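Fold and geometry: a report
Chain residues, written in single-letter form:
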Amino acid sequence: MFKVHAIPAKRLPALLKAMPKAELHIHIEGSLEPELIFALAQRNQVSLPYASVDALRAAYAFTNLQSFLDIYYAGASVLLHEQDFYDMAWAYFERAAADHVVHAELFFDPQTHTERGVPMQTVVHGLYRACQDARTHWGIDASLILCFLRHLSEEAALETLEQALPFRDCFIGVGLDSSEVGHPPEKFARVFARCKELGLHLVAHAGEEGPPSYIWSALDVLGVQRIDHGVQALKDERLMHRLVAERVPLTVCPLSNLKLRVFDTLADHNLGKMLDAGVCVTLNSDDPAYFGGYIGDNFVQTFEALNLTAQQAYVLARNSFEASFVSTQQREKWLHELKLCVESFVEHDD
Ligand code: HPA
Ligand code: ZN
């Protein structure tokens, strides 16, 4: 019998950190720390509308998704050369390794860069090289998911896909991000259909600020395999039943939801309710440099605010592997390692 309940509460923070886990919702441009933004601005002679690291950090007082995106795109403007993309991803992997992330699927936003004249190859090769080196250096298995910016047109997304096809082997799937409300998933029906034909994995942000109907159309029109965020699903009972029945994973990001005011406080977050309902939720950082924490911080702060248990920690880590785009053999290996780790925290009477 696997006695997760026999793990004492005082050992929970250590367990949260030590558990091997997968991170499935991280925008790599959202891992750019202010210090690295300023270092790259200097290296590339890019001028920033902020006088200092502190002034930039002081601007991180967001009121909603759009107020964040405006600063996030400004921060990404310092990325020009392949080495810049490599250095950004490398800094993320260093933090991820400390949180015992063994698998990461990184979102990247090529249009943010190609629109500024940075070639697709520069973006993809820099990130891909960092992913390969993360395996050698930290044993982290990492892959890339190309996101289309939903505030731009579907034609622009189709063009971006064409530009990325010479590098098809460097990414495993596509996603949909940026300003959600007013840009429903069905706007991108054709480009997602084309991506499906190409054998790419499909995910989309839906139900972060947008209504449950966006989650329905991401599933039914785009045919996505996972929903990013999806926290608005709880407003729609029929949708909840479907997510549970079909085990559709939701990649939830509590600190992001707090900073973008989706919930007033972390104690108001519905992650616990989602877990109780049996939804396959995973816990992730979204844009850690902007939202005050990496995946480990998300675990620790959310568990504290919602009084979650060691059993729920185990379920979240298991879900992260279940929801990841890896081979069955690789998944089983991590699930076994996770079980051994959790068992090592059980206190025995003898
Ligand atoms: N939502 C939508 N688009 C994004 C986000 C997010 O949280 N982060 C980066 N792009
Ligand atoms: Zn996101």
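As a reminder, the structure under discussion sits directly above these lines.
This one's a predicted model, so the numbers in the text were calculated from it and none came from an experiment.

Let's talk about the nonpolar core
With 122 residues, the main nonpolar core has Tyr 92, Phe 93, Phe 148, Phe 192 and Tyr 290 as its most contacted residues. Here this core gets eight residues from one element, more than from any other, and that element is helix H5 (residues 82-98). Contact partners of Phe 148, with chain neighbours within four places excluded, come to Gln 111, Ala 157, Thr 160, Leu 161, Val 174, Gly 175, Leu 176, Asp 177, Val 191, Phe 192 and Cys 195.

Focus: the environment of Val 181
You can see Val 181 is positioned in the loop between strand E4 (173-177) and helix H9 (189-197). Sequence separation between Val 181 and Arg 95 is 86 residues, and the spatial gap between their C-alpha atoms is 32 Å. Apart from residues no more than four positions distant in its own chain, Val 181 is found in contact with Glu 209, Gly 210 and Tyr 214.

Description of the sheet that holds strand E7 (residues 250-252)
Across the sheet, eight strands lie side by side as E1-E2-E3-E4-E5-E6-E7-E8; this open sheet has parallel pairing. The sheet terminates laterally at strand E1 (21-27) and strand E8 (281-283), the two strands that pair on one side only. In this sheet, neighbouring strand axes are inclined to one another by 25 degrees on average, regardless of whether the strands run parallel or antiparallel. Here E7 runs beside E8; their pairing, made up of three bridges, is parallel. Residue pairing across strands places Thr 251 opposite Thr 282, the latter belonging to E8. The strands touched by H5 within the sheet are E1, strand E2 (101-108) and strand E3 (141-149), with E2 carrying the most contacts at an inclination of about 145 degrees. Contacts between helix H10 (residues 212-222) and the sheet are confined to E4, strand E5 (201-206) and strand E6 (226-229), with E5 contributing the most and set at about 160 degrees to the helix.

As for the pairing of E2
Successive residues of a regular strand alternate their side chains across the two faces of the sheet. When you tally the buried positions in E2, you get eight out of eight residues, the bulk of the element. Where E1 lies against E2, five bridges are found, and the strand directions are parallel. Across the sheet, Ala 22 pairs through a bridge with His 103, a residue of E2. Where E2 and E3 come together, six bridges link them in parallel fashion. Bridge pairing in E3 links Phe 107 to Ile 145.

Parameters and conventions
Residues numbered from 1 in each chain as written. Chains lettered and ligands numbered in written order. Predicted model: local features only at pLDDT ≥ 70, side-chain atom pairs only at ≥ 80, totals over all residues. Heavy atoms only, no water. Core = buried A, V, L, I, M, F, W, Y, C linked by side-chain atoms within 4.5 Å. Buried < 20%, exposed > 50% of the residue type's maximum accessible area, 1.4 Å probe, protein only. Helix = DSSP H or I, 4+ residues; strand = E, 2+ residues; numbered from the N terminus. Contact = heavy atoms within 4.5 Å. Pairing = 2+ DSSP bridges. Axes fitted to C-alpha atoms, helices over the stretch in contact; angles between N-to-C directions.

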